[in-house]
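# Examination of the molecular architecture
If you want the building blocks of each chain, they are given just below.
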Amino acid sequence: MDHVRLFVSFPEELVDRPMIYEIVKRFDVVPNIRRANVEPHSGWVILELGGSPEQRDAAIAYLEEVGCTVNAMEGDVLEG
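Sequence positions are assigned chain by chain, starting from 1 and proceeding in written order. For a predicted model such as this one, the threshold for reporting local features is a pLDDT of at least 70, and the threshold for listing and counting side-chain atom pairs is 80 or more; totals across whole chains, interfaces and linings nevertheless cover every residue. Computation of side-chain values: all heavy atoms of the structure, hydrogens and water removed.

### Examining the layout of surface pockets
Worth spelling out the cut-off: Residues are called lining when one of their atoms sits within 4 Å of a cavity or pocket point, these points coming from a 1 Å grid over the protein atoms alone, where a cavity is a set in which a 1.4 Å probe fits but cannot get out and a pocket is an open set with protein on both sides within 12 Å along at least five of seven lines. Grid points are joined across faces, edges and corners, and a volume is the space filled by probe spheres set on the points. Strands are runs of DSSP state E lasting at least 2 residues, helices are runs of H or I lasting at least 4, and numbering of each runs from the N terminus. Here the term charged refers only to Asp, Glu, Lys and Arg, the term nonpolar to Ala, Val, Leu, Ile, Met, Phe, Trp, Tyr, Cys and Pro, and the term polar to all other amino acids, Gly among them.
Roughly 150 Å³ of internal volume is contained in the largest pocket. What lines the largest pocket is a set of 13 residues, and nearest its centre among them are Phe10, Met19, Ile20, Val38 and Val45. Counting only elements with at least two residues in the lining of the largest pocket, the list comes to strand S1 (3-11), helix H1 (19-27), strand S2 (30-39) and strand S3 (42-50). Considered class by class, the residues forming the lining of the largest pocket number twelve nonpolar, no polar and one charged.

Right, dumping it as structure tokens:
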């Protein structure tokens with residue numbers, strides 16, 4: 001299964017929303033959370049997202065539609 005590595009940031013109004021759960025249920029993608037920081041006023045997650053290219057693209061579009069900022073990443077965040 002192919003995957004992409006993403007940096008997803010989100011504003012205060014989305015902090016309590018289960019967005020990763022939503023994309024799993026809606027688009028049948030496989031998430032792997034590599035790092036995350038969630039605070040009352042904002043949050044971010046470094047996410048590997050597996051699935052077909054169509055599924056991943058749809059999940060990314062959904063995250064952007066609900067108000068997240070999504071950027072592709074290169075390299076392994078745990079290895080440096």
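### What about the packing of H1 against helix H2 (residues 53-66)?
Helix packing geometry: the angle between the two helix axes and the distance between the axes. Selection rule: Lines fitted to C-alpha atoms define the axes here, with helix axes fitted over just the stretch in contact, and angles between the N-to-C directions of these axes take values from 0 to 180 degrees. Each angle is binned into one of four classes, with values under 35 degrees roughly parallel, values over 145 roughly antiparallel, values of 65 to 115 roughly perpendicular, and all other values oblique. Helix crossings are classified by the rotation of the near helix relative to the far one: an anticlockwise turn of less than a right angle makes the crossing left-handed, while a clockwise turn makes it right-handed. Contacts were defined at the residue level, with two residues in contact if any of their heavy atoms lie within 4.5 Å.
Running from N to C, H1 and H2 point in directions that differ by 140 degrees, and their axes come no closer than 10 Å. The pairing of H1 with H2 is recorded here as oblique in orientation. The handedness of the crossing between H1 and H2 is right-handed. Residues Met19, Glu22, Ile23, Arg26 and Phe27 of H1 lie in contact with H2, whose contacting residues are Gln55, Ala58, Ala59, Tyr62, Leu63 and Val66. Looking at the contact of H1 with H2 residue by residue, the class counts come to eight nonpolar, one polar and two charged.

### Comments concerning the nonpolar core
As a reminder of what qualifies: To qualify as a nonpolar core, a set must consist of buried Ala, Val, Leu, Ile, Met, Phe, Trp, Tyr and Cys residues joined through side-chain atoms within 4.5 Å. Only protein chains enter the accessibility calculation, which uses a 1.4 Å probe. A residue is then buried if its area is under 20% of the maximum for its type, exposed if over 50%, and partly exposed in between.
Counting residues in each nonpolar core, the largest one holds 19 residues, and the members touching the most others are Val8, Met19, Ile23, Leu49, Leu63, Cys68 and Val70. Going through the elements one at a time, S1, H1, S3 and H2 are the ones with two or more residues in this core. Among the elements that line this core, the one with the most residues is H2, at five residues. If we skip the residues at most four places from it in the chain, Leu49 touches Asp2, His3, Val4, Leu6, Ile23, Val29, Val30, Pro31, Arg56, Ala59 and Ile60.

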